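The residues making up each chain are set out below.
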Amino acid sequence: MDVLFAKNSDRKTVELKAETIKDLALQEIVDNISESEGEMLILRDIFTHIPINTEDIRYRSEILRDFLENEAMTDELYEAMSLIRTLKDYGSSKLLTMNTEHSLYILLEHLRELSIYVQATESIVSTLKKHKVNSRGLKTVLEQLQAIVEDDKFEIAKKDINKMLKDLSNVRGCFVGVNFTPDLNVEQVTSVEFVPYRIRSKYKFAELAAFFANVNNSAAATNSIGKPWAPTRVIDPLLVSMTPQIEKHLKRNMIKMKMVMNKYVKLDSSSITELYEGFTYYLCMARFSRRLKKEGCTICLPEIVDTDGISLDIKDLYNIRLFFAGEKNIVKNDFSFSPEENLFILTGPNRGGKTIIEQALGIISIMASIGSFVTASSCKGRPFHNILTHFPIDENLTINYGRLGEEAVRIKEIVNEADDKTLILFNETYSTTSAADGLYLSKDLLRVLKEYGTAVIFNTHIHEVARSLDEMNQWDGKSRFVSLVMEIKDNVNTFHVKRSDPESKSYARNIAEKYGITYEQMKNRE
């Protein structure tokens, strides 16, 4: 059973690049959603592998809706997950009982595994039957597990397991017969008798004497080297002699138990353990959605539609990282991609919110693509199959090529992967070269991406790029370029994005302000 891919899916995904994961801070997002390393690893894998088939995205979204709309069901499945996790940890331990040599430990572990399998299966069936589920995925899970539970073999196995557990629980102690040598060394363990009660020693002074003898021996050994005393484990020769006899006796008395359990060696628990990764994802996202709603944050499940090309219409979007940072007054924006308009030149003042909104669009695109809810009031369309990014890189990593050379290498790799189902986010690309050179290089880059039909947000200080829209829209390609700016009112950044021509400030002035080297900034250095 698979709750991450639709029936008959080819399960094809696109793995996000390491640069995209870093630039969009996906690890930070995953860390904030997960509560354990196990959850983190599962979420990271899902967040970084985007399904290509929209049916898989829709399939996940339907299941997540069931989790989001039924908190009681979610809480009950959390309890069942501990059983599934334990069952998963057992792995294939039951296959060990097929070997010629059987230890008592393996036999008992297999019994416990079977018991947990029965409990987990019945728990999930009971939960899904009690609560109304509408998704194809959870309906299928209920149907298949219910068929297992209602099978006569399952009921027989359940009775056998319960009887064996009851029989074992009656064994509480045993009497042991021991023969000694004249100097009281253990010569032979002669008999073992199991009883349904705990045995109390009549000779407490003997136990105390043995304990203090061990203490004295340990203290003498440790004090001789001047270290603090700590008790050491002393091997008991009686216990050593008893162990094989006890195990032999238990094997002889548990032949019937072994014969019964061998009937279930081939019992396949994968029907339950296959649900683990998927259920972990849905439960984590449901828990995270409660946290967001509690703080008054808006979320929605995207409406996935089939269209001729990539399109995405988002209302009231915001960057989830602002929530993690504790921002109380988060500004929201609207944004739309369509086959006719998917090339955007974004300009505006430093600290005006360009990177924040660009990053938010990348994060929302990924969350929509993996069947998650998104941080917006509405989202409708067909998500991108891949998201690529080109954000400023650590200067320490440019030693081999220099900044411009490094940009050229990365941009070539990005262009080679670009197609009409890809979103590329550029952040101040070519900003370290001259305005003239940056304009020339930017135009060549944008021209080829226009021909490919690739969606682009080009965040830049080179305002001449945005002023060249009339020329650029004459290039081959279905989509047209749109100029966007981050709004300023009364010399204050509003963090709203709007359609507009770029402001009159030059490229050099913007760069100077960014690095604090305008006349005013340098004069007022204090």
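For the structure itself, look to the data block above.
Source: prediction; values computed, not measured.

Our next topic: the pattern of salt bridges. In total, this model carries 23 salt bridges according to the counting rule given. Arg136 is paired through a salt bridge with Glu62; the nearest N and O atoms lie 3.0 Å apart. Remark: Glu62 occurs in helix H4 (residues 54-69) and Arg136 occurs in helix H7 (residues 136-149); sequence separation between them is 74 residues. A residue is classified by how much of its surface remains accessible, and Arg136, at 36% relative accessible area, is partly exposed. We classify Glu62 as partly exposed; its relative accessible area is 27%. One network of salt bridges, in which partners are shared, links Glu55, Arg58, Glu62, Arg136 and Asp306.

For H4, which comprises 16 residues, the first-to-last C-alpha distance of 22 Å matches the rise-based estimate of 22 Å (1.5 Å per residue) to within 8%. Within H4, twelve of the 16 residues are buried, which leaves the element mostly enclosed by the surrounding structure. Here H4 has its buried residues at Thr54, Asp56, Ile57, Arg58, Tyr59, Arg60, Ser61, Ile63, Leu64, Asp66, Phe67 and Leu68. One side-chain oxygen at the N-terminal end of H4 lies 2.8 Å from the backbone nitrogen of Glu55; it belongs to Asn53.

This part covers a nonpolar patch on the surface. Side chains of Tyr515, Ile517 and Met522 sit close together on the surface and give an oily, nonpolar patch of about 330 Å² of accessible area. Residue position: Met522 is located in helix H21 (residues 519-523).

Our next topic: the environment of Ala435. As for its position among the elements, Ala435 is in helix H17 (residues 435-452). A sequence separation of 26 residues divides Ala435 from His461, and the C-alpha atoms of the two residues are 9.0 Å apart.

On to the nonpolar core. Phe67, Ile124, Met285, Phe288, Leu317, Phe337 and Phe373 are the most contacted members of the largest nonpolar core, which has 101 residues in total. The dominant element in this core, judged by the number of residues it contributes, is helix H13 (residues 276-294), at ten residues. The contact partners of Phe373, leaving out residues within four places of it in the chain, are Leu64, Leu68, Met285, Phe288, Ser289, Leu292, Ile299, Cys300, Leu301, Pro302 and Met367. Formed by 23 residues, the second largest nonpolar core is a distinct cluster that contains Ile345, Ala418, Val465 and Leu469.

What counts, and where the lines are drawn
- Residues numbered from 1 in each chain as written.
- Predicted model: local features only at pLDDT ≥ 70, side-chain atom pairs only at ≥ 80, totals over all residues.
- Heavy atoms only, no water.
- Salt bridge = Lys/Arg side-chain N within 4 Å of Asp/Glu carboxyl O.
- Helix = DSSP H or I, 4+ residues; strand = E, 2+ residues; numbered from the N terminus.
- Buried < 20%, exposed > 50% of the residue type's maximum accessible area, 1.4 Å probe, protein only.
- Expected span 1.5 Å × (residues − 1).
- Polar contact = N/O pair within 3.5 Å; in protein donor to acceptor, adjacent residues only side chain to side chain.
- Patch = residues over 30% accessible without salt bridge, like charges linked within 9 Å, V, L, I, M, F, W, Y side chains within 5 Å.
- Areas by Shrake-Rupley, 256 points an atom, 1.4 Å probe, with all protein chains shown as cover.
- Core = buried A, V, L, I, M, F, W, Y, C linked by side-chain atoms within 4.5 Å.
- Contact = heavy atoms within 4.5 Å.

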